[in-house]
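Chain and residue survey
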4 protein chains.
Amino acid sequence: MPPALPFFDIQPQLATPIYRQVMEQVQRQVAGGQLRAGDELPSVRAVAERHAINPMTVSKAYSLLEAQGLLERRRGVGMVVAAGVPTAGGDADRLALLAPALESAAQQARELGIPPEAALAAFERLLHPDPKETP
Amino acid sequence: MPPALPFFDIQPQLATPIYRQVMEQVQRQVAGGQLRAGDELPSVRAVAERHAINPMTVSKAYSLLEAQGLLERRRGVGMVVAAGVPTAGGDADRLALLAPALESAAQQARELGIPPEAALAAFERLLHPDPKETP
Amino acid sequence: MPPALPFFDIQPQLATPIYRQVMEQVQRQVAGGQLRAGDELPSVRAVAERHAINPMTVSKAYSLLEAQGLLERRRGVGMVVAAGVPTAGGDADRLALLAPALESAAQQARELGIPPEAALAAFERLLHPDPKETP
Amino acid sequence: MPPALPFFDIQPQLATPIYRQVMEQVQRQVAGGQLRAGDELPSVRAVAERHAINPMTVSKAYSLLEAQGLLERRRGVGMVVAAGVPTAGGDADRLALLAPALESAAQQARELGIPPEAALAAFERLLHPDPKETP
DNA sequence: GTGGTCTAGACCACC
DNA sequence: GTGGTCTAGACCACA
């Protein structure tokens with residue numbers, strides 16, 4: 001039982017379509033180990049109501065993840081993380097998933113003429129967001 | 001004379017539309033100082049042929065940049081970086097342009113369960129890509 | 001240029017959802033060689049109008065086939081059979097695609113107590129449907 | 001006494017709903033003569049345990065067959081094949097029940113470009129599955 | 001012209 | 001309760 005699933009972090013104003021935001025977050029949470037084989041996902045309707053979006057949008061995300069083999073449909077129960085999925089990807093796998101975002105950021109830094117040290121410092125600040133949130 | 005413009009780095013398979021890839025790269029190169037007021041841009045036709053994309057796509061990007069005041073149309077010459085454009089943004093400005101990419105990468109790293117040090121190390125490797133390119 | 005694409009054979013009254021009927025027919029026509037790498041598919045709107053179904057239904061089929069790697073989206077052009085797809089599957093591949101249908105029919109024949117010869121004869125009649133259509 | 005009922009052949013991963021798989025198999029075994037008027041069916045609970053499915057699913061199938069007049073509920077005994085049911089349909093009736101499956105297979109063979117002889121041969125192989133199972 | 005996304009709502013099917 | 005399918009229609013983005 002996943003205790004208090006944080007649902008998802010949906011931002012409709014982004015260029016990335018909502019259904020893709022859902023897909024990518026599930027993919028990363030599976031790769032990161034927050035979601036493991038057999039874990040249930042929040043129901044289509046629950047997610048839709050929570051974020052005030054259309055159930056079909058959520059359903060689309062889930063269906064595509066099912067087609068990818070990441071989720072399984074349990075009739076009358078809902079969607080669960082597929083059995084064959086490794087509990088957590090190796091470090092290399094996870095870094096591979098992060099690579100595109102880092103490459104894009106690095107290219108932008110270069111185009112902006114920002115020195116590597118400055119870019120690194122800014123990134124480090126974002127990685128340790130708010131120390132006082134863990135009392 | 002812009003010394004051997006590297007044209008652009010166009011990837012049609014990305015979700016980001018091609019005309020936006022062009023726009024963003026010009027914007028960043030101007031902000032970063034690689035492109036300065038008066039510099040010529042490669043012709044629409046040249047860019048289109050080089051990357052096997054539709055000339056209308058390049059033209060659309062240039063036109064939107066012109067509407068933004070970043071480029072100017074010089075009769076018989078082509079597009080040049082507009083006169084009023086500051087030679088290079090301040091450090092804060094440039095970091096602000098980089099911030100969204102870094103935030104996105106940081107969020108992904110967190111969701112993937114990648115420790116900050118590993119993410120930083122990977123980023124650093126990408127920021128110093130190939131030492132022998134600077135002879 | 002595929003000369004006079006026969007579109008698809010859609011039967012809304014079947015239990016099989018329409019989007020699956022489309023998917024399966026494309027898959028089989030690719031495996032059978034009627035559709036080859038680079039061939040264009042009829043546009044979403046054309047198919048929808050032709051069969052009086054909703055464009056989204058067709059779009060869903062195409063999108064899933066794209067996710068499978070069988071189709072590619074050409075921006076502003078439409079969907080084409082993906083480049084990496086083999087011109088026609090080997091005989092074994094094609095028979096493998098046919099197997100489930102044959103197995104199901106064989107099981108039903110057994111359950112119905114129909115002797116193999118009778119089932120075979122009935123099948124043969126259906127495989128040579130209408131000799132006078134080739135004048 | 002039905003001699004060692006083979007229960008059913010249930011495949012939850014198929015698109016066909018489980019209760020329909022049960023219904024169709026009973027219908028065909030009655031049409032084929034394997035099940036005759038008065039024969040007992042395995043209990044709901046037994047079927048459910050045997051195939052690890054929900055008892056309500058089996059019950060639904062039985063109830064629908066009862067509504068069709070194919071089965072009868074005998075107090076304290078369970079479901080039996082109804083009295084009025086003909087011992088076995090005529091050959092034409094049974095072939096009519098098989099026809100849809102054969103038509104579907106024939107269409108698929110055509111779309112796959114499989115020559116009739118090859119399809120027939122494959123079908124024949126499946127109809128004579130395992131000679132040594134009849135000792 | 002092309003496909004993509006999202007909505008609102010209906011109805012179905014399964015468990 | 002669960003997800004699936006389809007519709008009608010709007011609006012966007014790309015080439």
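Residues numbered from 1 in each chain as written. Chains lettered and ligands numbered in written order. Predicted model: local features only at pLDDT ≥ 70, side-chain atom pairs only at ≥ 80, totals over all residues. Heavy atoms only, no water.

Moving on, we come to the interface of chain C and chain D. You'll often see interface size given as the accessible area lost when the parts meet. On the chain D side, the residues contacting the 35 residues of chain C number 35 residues. Summed over both partners, the interface of chain C with chain D comes to about 3500 Å²; 69% of that surface belongs to carbon and sulfur atoms. In terms of surface lost to chain D, no three residues of chain C exceed Arg28, Glu111 and Leu112 of chain C, which account for 20% of the buried area on that side. Where chain C meets chain D, there are two salt bridges. Residue arginine 28 of chain C is joined to glutamate 111 of chain D by a salt bridge in which the shortest nitrogen-to-oxygen separation is 2.7 Å. At the boundary of chain C and chain D, one finds nine residue pairs in polar contact (both at pLDDT 80 or more). (Contact = heavy atoms within 4.5 Å. Buried area = accessible area lost by both parts, 1.4 Å probe. Salt bridge = Lys/Arg side-chain N within 4 Å of Asp/Glu carboxyl O. Polar contact = N/O pair within 3.5 Å; in protein donor to acceptor, adjacent residues only side chain to side chain.)

Of all residues adjacent to DNA strand E, which total 26 residues, the nearest are Ile18 and Asn54 of chain A, Arg45 of chain C together with Pro17 and Tyr19 of chain D. Each atom of DNA strand E within 4 Å of the protein belongs either to a base or to sugar and phosphate, the latter forming 66%. Here threonine 57 of chain A contributes a side-chain N or O atom positioned 2.9 Å from a phosphate oxygen of DNA strand E. One of the side-chain N or O atoms of lysine 60 of chain A is found 3.4 Å from a phosphate oxygen in DNA strand E. (Near = heavy atom within 4 Å.)

Looking at DNA strand F, there are 25 residues lining it, with Arg45 of chain A, Pro17 and Tyr19 of chain B together with Ile18 and Asn54 of chain C nearest. Between DNA strand F and the protein, one listed contact pairs a sugar or linking oxygen with a side-chain N or O atom of asparagine 54 of chain B at 3.3 Å. A class-by-class count of the residues in the surface near DNA strand F yields 11 nonpolar, 10 polar and four charged. (Nonpolar A, V, L, I, M, F, W, Y, C, P; charged D, E, K, R; others polar.)

The subject of this paragraph is unusual backbone geometry. All names here are of chain B. Not every positive phi belongs to a glycine, and alanine 52 is a case in point at roughly 55°. Turning to its location among the elements, alanine 52 is positioned in the loop between α2 (44–51) and α3 (55–67). Overall, the relative accessible area of 70% leaves alanine 52 in the exposed class. (Helix = DSSP H or I, 4+ residues; strand = E, 2+ residues; numbered from the N terminus. Buried < 20%, exposed > 50% of the residue type's maximum accessible area, 1.4 Å probe, protein only.)

This part takes up the nonpolar core. Val26, Tyr62 and Leu71 of chain A together with Val26, Tyr62 and Leu71 of chain C are the most contacted members of the largest nonpolar core, which has 48 residues in total. Those elements giving two or more residues to this core turn out to be α1 (18–32), α2 (44–51), α3 (55–67) and β2 (78–81) of chain A together with α1 (18–32), α2 (44–51), α3 (55–67) and β2 (78–81) of chain C. Once you skip the residues sitting within four places of it in the chain, leucine 71 of chain C turns out to touch Val26, Leu41, Tyr62, Leu65, Glu66, Met79, Val80, Val81 and Ala82 of chain C. (Core = buried A, V, L, I, M, F, W, Y, C linked by side-chain atoms within 4.5 Å.)

Take the packing of aromatic side chains next. Taken as a whole, this structure holds two aromatic pairs over all chains when the rule is applied. With 5.0 Å between their ring centres and 70° between their planes, phenylalanine 123 of chain A and phenylalanine 123 of chain B make a pair best called edge-to-face. Of the two residues, phenylalanine 123 of chain A is situated in helix α5 (residues 116–127) and phenylalanine 123 of chain B in helix α5 (residues 116–127); the pairing between them involves two chains. The pair formed by phenylalanine 123 of chain A and phenylalanine 123 of chain B is uniform in burial state, with each residue classed as buried. One Lys or Arg, lysine 60 of chain A, reaches over the ring of tyrosine 19 of chain A and ends 4.3 Å from the middle of that ring. (Phe/Tyr/Trp six-rings, centres within 6.5 Å; stacked < 30°, edge-to-face > 60°. Lys NZ or Arg CZ within 6 Å of the ring centre and 35° of its normal.)

This part takes up the packing of helix α5 (residues 116–127) of chain C against helix α5 (residues 116–127) of chain D. Where α5 of chain C meets α5 of chain D, the closest approach of the two axes is 10 Å, and the angle between their N-to-C directions is 160°. Considering their axes alone, α5 of chain C and α5 of chain D lie roughly antiparallel with respect to each other. With respect to the hand of their crossing, α5 of chain C and α5 of chain D are arranged in right-handed fashion. Residue-level inspection shows Pro116, Ala119, Leu120, Phe123, Glu124 and Leu127 of chain C of α5 of chain C in contact with α5 of chain D, the latter providing Pro116, Ala119, Leu120, Phe123, Glu124 and Leu127 of chain D. Taken together, the residues of the contact of α5 of chain C with α5 of chain D break down into 10 nonpolar, no polar and two charged. (Axes fitted to C-alpha atoms, helices over the stretch in contact; angles between N-to-C directions. Parallel < 35°, antiparallel > 145°, perpendicular 65-115°, else oblique. Left-handed = near helix turned anticlockwise from the far one by under 90°.)

The next thing to look at is the UniProt feature "domain: HTH gntR-type" (unreviewed entry) in chain A. UniProt feature "domain: HTH gntR-type" (unreviewed entry): in the numbering of this structure it lies at residues 16–84 of chain A. Counting secondary structure, residues 16–84 of chain A comes out at 52% helix and 12% strand; the distance between its end C-alpha atoms is 28 Å. (UniProt positions renumbered as here; feature names shortened; annotations may be inferred.)

Mapping chain C onto chain D calls for a screw motion: a turn of 176° about the axis and a shift of 0.1 Å along it, with 0.6 Å RMSD after fitting. Both copies are brought into coincidence by an operation consistent with a two-fold rotation axis. A shared binding surface is used by both copies, with 100% of the interface residues of chain C retained as interface residues in chain D. (Least-squares fit on C-alpha atoms with pLDDT ≥ 70 in both.)

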